[in-house]
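# Survey of secondary and tertiary structure
In case you want the letters, here they are:
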Amino acid sequence: MGRRKTQKFINTKARNVTIGLCPECKTIGKVFLLGRPGDERGKCEKCRQEFEL
């Protein structure tokens, strides 16, 4: 019987997603970051509204 290797945990969180407060619908959840660094915009997962950061 062979040795069972343990699985490594893989971070599946996307790099352009953060957790924050949406100013449009006032919910706390995932906020997608759009645009280049320096002039980024946020997009709420729940209400799909774009807003300035």
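Preceding block: the structure.
Here's what I pulled together on the structure shown here. Bear in mind the structure is a predicted one, so any value in this text is a computation, not a measurement.

### A look at the overall build of the protein
Counting its regular elements, the protein contains 0 helices and 4 strands. The helix and strand sequence of the protein, counted from the amino end, reads β-β-β-β. Over its C-alpha atoms the protein spans a radius of gyration of 17 Å, topping by over 25% the 10 Å that the globule rule assigns to 53 residues. If you line up the protein on its principal axes, its C-alpha atoms span 60 × 25 × 15 Å. Burial analysis of the protein (53 residues in total) assigns 15% to the buried set. Taking all contacts inside the protein whose residues are at least 6 apart in sequence as the whole, residues at least 24 apart take part in 10%. Accessible area for the protein stands at about 5,100 Å²; split by element, carbon and sulfur atoms hold 51% of it. Of the side-chain charges in the protein, 13 are positive and 6 negative, and the distance between the mean point of each set is 17 Å.

### Details of the sheet that holds strand β4 (residues 50-52)
What links the strands of a sheet is backbone hydrogen bonding, and the strands pair in either a parallel or an antiparallel sense. Reading across the sheet, the 4 strands line up as β1-β2-β3-β4 and stay open at both edges, with antiparallel pairing between neighbours. Each end of this open sheet is capped by a strand with a single partner; those strands are β1 (17-21) and β4. Adjacent strand axes in the sheet meet at a mean angle of 45° when their direction is disregarded. Sheet topology note: the strand β3 (residues 41-44)/β4 ladder contains 3 bridges and is antiparallel. Bridge pairing links K43 to E50 in β4.

### A closer look at unusual backbone geometry
Not every positive phi belongs to a glycine, and K26 is a case in point at roughly 60°. Residue placement: K26 occurs in the loop between β1 and β2 (28-34). Judged by its relative accessible area of 60%, K26 is exposed.

The rules we used
- Residues numbered from 1 in each chain as written.
- Predicted model: local features only at pLDDT ≥ 70, side-chain atom pairs only at ≥ 80, totals over all residues.
- Heavy atoms only, no water.
- Helix = DSSP H or I, 4+ residues; strand = E, 2+ residues; numbered from the N terminus.
- Rg over C-alpha atoms; globule rule 2.2 N^0.38 Å.
- Buried < 20%, exposed > 50% of the residue type's maximum accessible area, 1.4 Å probe, protein only.
- Contact = heavy atoms within 4.5 Å.
- Areas by Shrake-Rupley, 256 points an atom, 1.4 Å probe, with all protein chains shown as cover.
- Lys, Arg positive; Asp, Glu negative; His and termini not counted.
- Charge placed at Lys NZ, Arg CZ, Asp CG, Glu CD.
- Pairing = 2+ DSSP bridges.
- Axes fitted to C-alpha atoms, helices over the stretch in contact; angles between N-to-C directions.

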